[in-house]
Amino acid sequence: MIDTEKTSGPGNYEYVIARVRSRRASLFDDDDYRKLTRMGPGEIARFMEESEYESEMNALGARHSGVDLIEYALNRNVAKHFEDLLRWSEGELYGYIARYLRKFDVWNVKTIIRGNYSGESRENIETDLIRAGEFDEGLLDELLAAGSIQGIVERLGSTRYGDALEEAYEVYEESDVLVPLENALDRSFYEDLLTGLPTEPSRPMELYVEFLSAEVDFRNLRNAFRIARSGADMEAAEYYIEGGDLFSPTEIRQLAGDMDRLVEHVRQSRYGEELRDGLDALEEAGSLLEFERAVDAALLEYSRRLSSRYPLSICPVLAYVLAKEREVDNIRAIARGREGGLSQEEIENELVIL
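Parameters at a glance
- Counting from 1, residues in each chain are numbered in the order their sequence is written.
- Restriction of local features to residues with pLDDT of at least 70 applies here, the model being predicted, together with a cutoff of 80 or more for giving and counting side-chain atom pairs; totals for whole chains, interfaces and linings are based on all residues.
- Think of the side-chain values as coming from all heavy atoms in the structure, minus any hydrogens and water.
- Every definition here rests on a 1 Å grid over the protein atoms only: cavities are sets of points where a 1.4 Å probe fits but cannot get out, pockets are open sets enclosed by protein on both sides within 12 Å along at least five of seven lines, and lining residues have some atom within 4 Å of a point.
- Grid points are joined across faces, edges and corners, and a volume is the space filled by probe spheres set on the points.
- Strands are runs of DSSP state E lasting at least two residues, helices are runs of H or I lasting at least four, and both sets are numbered from the N terminus onward.
- Under the convention adopted here, Pro, Cys and the residues Ala, Val, Leu, Ile, Met, Phe, Trp and Tyr are nonpolar, Asp, Glu, Lys and Arg are charged, and Gly plus all remaining residues are polar.
- Salt bridges, as used here, are contacts in which a Lys or Arg side-chain nitrogen is within 4 Å of a carboxyl oxygen on Asp or Glu.
- Only protein chains enter the area calculation, which uses a 1.4 Å probe; residues under 20% of their type maximum are buried, those over 50% are exposed, and those in between are partly exposed.
- Pairing of aromatic side chains here covers Phe, Tyr and the six-membered ring of Trp, requires ring centres within 6.5 Å, and sorts the geometry by plane angle: under 30 degrees stacked, over 60 edge-to-face, intermediate tilted.
- A helix is expected to span 1.5 Å for every residue after the first.
- Any two residues whose heavy atoms approach within 4.5 Å at even a single point are treated as in contact.
- As a rule, the C-alpha atoms of each element are fitted with a line to give its axis, helices using only the stretch in contact, and angles between N-to-C directions run from 0 to 180 degrees.
- Note that the term roughly parallel is reserved for angles under 35 degrees, roughly antiparallel for angles over 145, roughly perpendicular for angles of 65 to 115, and oblique for everything else.
- For any pair of crossing helices, the crossing counts as left-handed if the nearer helix is rotated counterclockwise from the farther one by less than a right angle, and right-handed if it is rotated clockwise.

1. A few points about the layout of surface pockets
Using a probe with the size of a water molecule, rolled over the atoms, empty space left in the structure can be pinpointed.
Part 1: Here the largest pocket is characterised by a volume of approximately 1,700 Å³.
Part 2: Considering the residues around the largest pocket, the lining is formed by 45 residues, among which Trp107, Arg114, Arg219, Arg222 and Arg226 are closest to the centre.
Part 3: Looking at the lining of the largest pocket, the elements that each hand over two or more residues are α7 (103-118), α12 (179-193), α13 (203-230), α17 (288-309) and α18 (315-339).
Part 4: Sort the elements by how many residues they give to the lining of the largest pocket and α18 lands first, with ten residues.
Part 5: Counted by class, the lining of the largest pocket contains 20 nonpolar, six polar and 19 charged residues.

See below:
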């Protein structure tokens, strides 16, 4: 839960940003990823033991091995880093970070729902949880033990996601696809982030909103292309998240049914340059996965640009959160790919790097 005693005051931006710069400098770079793609799971584990993941690898090594060890270490490490952000921060900065880290509550609920849907064991589901959000261990244990998607939805009824999930569950029952439930979580998270902010705008709050608006734009963009590509009779506006600038509800309704117009709309937007290569791949090869990786890379680049433009603001902190998430995703993709026998080229195609 958010510590309300820490939310008063303007925030200690200089101190936290200095700590974040130090942490960001320790993130893996492109050369590290290339080395990892040539290694087996055991070699990846040893490489991580000699990196800033050393303490997690040593602490977990007696109980786990191989890809399981790597994944548990990744998730414990990212939780530690984000807990440090909250420990360091004060005032409005603490409040902004705490609200943003609720994204890991959404991640964990999605992970548990997907695991139930596919019949995964509790142990396998738990491996992928990132305990960096607001939900405590007790609630996560209850969700893991719920035994069904209906049970999960019912247990979340008293949370900020309850009403949206209850409504989405009716659609899920009719369609037997998880998209309505996952979208309900995303919409609740982002729309909650952008409401309840101070009534008197400040420059820090404006930058917080600008950063989040970009993230909403990229989420809407991903949803619009998925709907357009699927050819399914889906109402795009039902999956629209308020708070972005790229689409209005009317525009997304019109464009999601026309891939050519949708591509042109994005090319003419402020994100057109960052997404140029991804849009080219989408038009030439029809690769939605390649485009989605381009979207992820563009968001990272956009967050980095905001950080450079506003170095003493919330932007470098949130950009670090995104970059750390991406590092964990990349290492996980490499470890799973190597375990699954994928080639180096196939694995590199799964990575998001700048």
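Don't stop here, the text continues.
2. Overview of the pattern of salt bridges
Any two side chains of opposite charge can pair, given that their charged atoms come close.
Part 1: Counted by the stated rule, this structure contains 36 salt bridges.
Part 2: Linking Lys103 and Glu215 is a salt bridge whose minimum nitrogen-to-oxygen distance equals 3.3 Å. On the criterion of sequence distance, the pair formed by Lys103 in helix α7 and Glu215 in helix α13 is long-range, its members being 112 residues apart. Each of the two residues, Lys103 as well as Glu215, counts as buried.
Part 3: Lys103 serves as the salt-bridge partner of Glu325, at 2.9 Å between the closest nitrogen and oxygen. Remark: Lys103 occurs in helix α7 and Glu325 occurs in helix α18; sequence separation between them is 222 residues.

3. A few points about the packing of aromatic side chains
Part 1: Taken as a whole, this structure holds 14 aromatic pairs when the rule is applied.
Part 2: Arranged with centres 6.4 Å apart and planes meeting at 55 degrees, the rings of Phe28 and Tyr33 form a pair that is tilted.
Part 3: The exposure class assigned to Tyr33 is buried, which follows from its relative accessible area of 6%.
Part 4: Considering the side-chain rings of Phe135 and Tyr161, the 6.2 Å spacing of their centres and the 80 degrees angle between planes classify their relative orientation as edge-to-face. Within this pair, whereas Phe135 is found in the loop between α8 (122-127) and α9 (137-145), its partner Tyr161 is found in the loop between α10 (149-155) and α11 (162-175), the two being separated by 26 residues in sequence.
Part 5: Classification of Phe135 by relative accessible area gives buried; the value is 15%.
Part 6: Taken together through their ring pairs, the aromatic side chains of Phe28, Tyr33, Phe47 and Tyr53 make up a single cluster.

4. A few points about α11
Part 1: With 14 residues, α11 should cover 20 Å at 1.5 Å per step; its first-to-last C-alpha distance of 20 Å lies within 8% of that length.
Part 2: Every buried residue of α11 is accounted for by Gly162, Leu165, Ala168, Tyr169 and Tyr172.
Part 3: For α11, the secondary structure elements touched by its buried residues are α7, α10 and α12.
Part 4: Just past α11, the residue Asp176 takes up positive phi, approximately 60 degrees.

5. So, the side chain of Glu182
Part 1: Checked against the element boundaries, Glu182 lands in helix α12.
Part 2: Once you skip the residues sitting within four places of it in the chain, Glu182 turns out to touch Lys110 and Arg114.

6. Structural notes on the packing of α17 against α18
Part 1: Two numbers describe how α17 lies on α18: the axes approach to 8 Å, and their chain directions differ by 150 degrees. By the criterion of interaxial angle, the relationship of α17 to α18 is roughly antiparallel. For α17 against α18, the interelement crossing comes out left-handed. Contact with α17, carried on its side by Asp296, Leu299, Leu300, Ser303, Leu306 and Ser307, involves Cys315, Pro316, Ala319, Leu322, Ala323 and Arg326 of α18 and no other residues of that element.

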